[in-house]
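# Chains, contacts and geometry: an overview
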Amino acid sequence: MFGRIVKMTSNIAFDLSTNVLRNQTRTTISSNSAAVNSFLVLNRQITTNTTETSSTSLPIIEPLITSRHFPRPPLIETPQTWIETLNTVQDTKLGLVDLHPDVFATEPRLDILHQNVRWQQSYKRISFAKAKSRAEKRGGGRKPWRQKGTGRARHGSLRSPIFKGGGKAHGPRGPQSYWYVLPTETRAKGMRIMLSIKHAQDDLHIVDSLDLPSSDPEYLVDIAKERCWGSSVLFVDSKPLEEMPENFINAINCVKSYNVMTLEGLNVYSMLKHKTLVLTLDVVDKLEERLCYYENCFKNKYQQQLKSIILSQDLYSILLLVF
């Protein structure tokens, strides 16, 4: 009897506790739902206010370009980059542009870059070192001693290279130029490799034009700091220097580490010297056209050579060309 009473009281206490817990959960859920609803209402008000302010203060800029039509090689992803503008200090994106994979996605070759840099450093080097020969030395016209009878070796001049104060045999005969011709294929391939490296390292930026709203050099420095362009920047445009925007020329002349260059003067050594490379859209189009032309020229040349060798059935030459 006593056991039944204890069991009944325990069941009643359990039912009471479950009812209390249910009431508490209902109140918490209702309060949480009210809080969530109030948060959603506030969020909607904030988003509507921000959209209204953004629509009134900042106009929506449509993408300038999304894709370009050019022959894409199979199994190679097309590289892309943002198009920026210099009209604002903030990093404003105008759209995406597709880049040619044969120009901006080339395998890196340090040996090709070294050949290009060595060639550029050598072709403008001139050695002015010069040593006088025995004919250019002053004196030495008299025979130092007679030909026979002295026991000495025979000599005809004291300005001989074996005497002290004599001329230099096979010495430098400056001025001497170290200029030589690097093959066009190597130069074009070095340009493609350098552009691909700049794009892979996120140091390649493409702008719509070089127009600046101000000629103040601090404006250009602020753009580089805001966009993390580094201490040295190289700007490249397809126009000659006389036709470039006046504000841009006045601003860049006051910053020593910023340089501007035309498309015809773009080279591997200049791109290596600068941290960031900034190109215009016209430069990208002409670069791709020119570099792809050189690549196709040499491809066709090698194909014709291989075809002529196959027609002549010279297996030894085929193995040399392939391996």
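Just so we're clear, the structure is a prediction, and the values are computed from it rather than from any experiment.

### Notes on the overall build of the chain
Counting secondary structure elements, the chain contains nine helices and eight strands. Taking all 323 residues of the chain together, the buried fraction comes to 32%. Considering only residue pairs separated by 6 or more positions, the chain has 73% of its internal contacts joining residues 24 or more positions apart. For the chain, the exposed surface amounts to about 22,000 Å²; the carbon and sulfur share of it is 56%.

### What about the side chain of E84?
Tracing the chain through its elements places E84 in strand β1 (residues 80-84). You can call E84 buried: its relative accessible area is 3%. In terms of polar contacts, E84 uses its side chain to reach the side chain of H205, at 3.0 Å. Within the structure, E84 has its side chain in polar contact with the side chain of R227 (distance 3.2 Å). For E84, the contacting residues outside a window of four places in its chain are D91, T92, K93, L94, H205, I206, V207, D208, R227 and W229.

### Looking at unusual backbone geometry
Cis geometry marks the peptide bond from G174 to P175; its omega dihedral reads 0°. Relative to the helices and strands, P175 is located in the loop between β3 (126-127) and β4 (176-177). The backbone phi angle of D202 is positive, close to 60°, even though this residue is not glycine. Taking relative accessible area as the criterion, D202 reaches 56% and is therefore assigned exposed.

### Notes on the packing of aromatic side chains
Inspection of every chain in the model, using the stated rule, returns five aromatic pairs. Both rings, one in F235 and one in Y258, keep their centres 6.5 Å apart while their planes meet at 75°; by these two values the pair is edge-to-face. Note that F235 is positioned in strand β6 (residues 233-237) and Y258 in strand β7 (residues 258-262), a separation of 23 residues in sequence. Of the residues examined, F235 reaches a relative accessible area of 1% and is grouped as buried. Here the aromatic cluster, defined as three or more aromatic residues joined through ring pairs, consists of W229, F235, F248 and Y258. Above the plane of the ring of Y178 lies R125, whose end atom (NZ or CZ) is 3.8 Å from the centre. Over the ring of W145 we find R152, and its NZ or CZ is 4.5 Å from the ring centre.

### Description of a negative patch on the surface
On the surface, a cluster of negative charge is made up of D216, E218, D222 and E226. Along the chain, the position of E226 falls in helix α5 (residues 217-226).

### Side note on the pattern of salt bridges
For the coordinates displayed, the defined rule picks out six salt bridges. As a salt-bridge pair, R109 and D111 come within 2.8 Å of each other at their nearest N and O atoms. Counted as one network, the salt bridges with shared partners bring together E84, D91, K93 and R227.

### Overview of helix α3 (residues 110-123)
Since one α-helical turn is 3.6 residues long, residues separated by three or four positions face the same way. An ideal rise of 1.5 Å per residue puts 20 Å on 14 residues; α3 measures up with 20 Å between its terminal C-alpha atoms. Structurally, α3 contributes buried residues whose contacts are with α4 (184-200) and α7 (268-273).

### Remarks on the pairing of strand β5 (residues 204-207)
Side chains of β5 alternate between two faces, with L204 and I206 and H205 and V207 buried alike. In the sheet, β1 pairs with β5 via two bridges, with the strands oriented parallel. Considered in β5, the bridge of E84 is made with V207.

### Considering the sheet that holds β6
The strand order across the open sheet built from six strands is β2-β1-β5-β8-β6-β7, with neighbouring strands paired in mixed fashion. Both outer strands of the open sheet, β2 (93-98) and β7, are each paired with one neighbouring strand and no more. For this sheet, the mean angle separating the axes of adjacent strands, direction not counted, is 30°.

Quick notes on the rules
In every chain, residue numbers begin from 1 and rise along the written sequence. Selection of residues for local features in this predicted model requires a pLDDT of at least 70, selection of side-chain atom pairs for listing and counting requires 80 or more, and totals for whole chains, interfaces and linings are taken over all residues. To get the side-chain values, take all heavy atoms of the structure and skip hydrogens and water. Secondary structure counts use DSSP, requiring at least four H or I residues in a row for a helix and at least two E residues in a row for a strand, with both numbered from the N terminus. Exposure categories follow from relative accessible area, calculated using a 1.4 Å probe and restricted to protein chains: below 20% of the type maximum is buried, above 50% is exposed, and the middle band is partly exposed. Two residues qualify as a contact provided that any one of their heavy atoms is within 4.5 Å of a heavy atom in the partner residue. Reported accessibility uses the Shrake-Rupley method at a 1.4 Å probe radius. Residues are deemed covered only where the shown protein chains occlude them. Here a polar contact is taken to be a pair of N or O atoms separated by no more than 3.5 Å, where protein atoms must pair a possible hydrogen donor with a possible acceptor and residues adjacent in sequence count only if both atoms sit in side chains. Any two rings among Phe, Tyr and Trp, with Trp reduced to its six-membered ring, count as a pair given centres within 6.5 Å; such a pair is stacked if its planes are under 30 degrees apart, edge-to-face if over 60, and tilted if neither. In this analysis the charged atom, NZ for Lys or CZ for Arg, is taken to sit over a ring once it is within 6 Å of the ring centre and within 35 degrees of the ring normal. Patch construction takes residues with relative accessible area above 30% that form no salt bridge. Like charges are linked within 9 Å, and nonpolar side chains (Val, Leu, Ile, Met, Phe, Trp, Tyr) are linked within 5 Å. Between Lys or Arg on one side and Asp or Glu on the other, a salt bridge is scored when a side-chain nitrogen of the former is within 4 Å of a carboxyl oxygen of the latter. In this tally, Asp and Glu contribute negative charge and Lys and Arg positive charge; neither His nor the terminal groups of the chain are included. Throughout, a charge is located at the NZ atom of Lys, the CZ atom of Arg, the CG atom of Asp or the CD atom of Glu. Residue count minus one, scaled by 1.5 Å, sets the expected span of a helix. Strand pairing is assigned whenever DSSP detects at least two bridges linking the two strands. Convention adopted: a line fitted to C-alpha atoms gives each axis, helices being fitted over their contacting stretch, and angles between N-to-C directions are expressed from 0 to 180 degrees.

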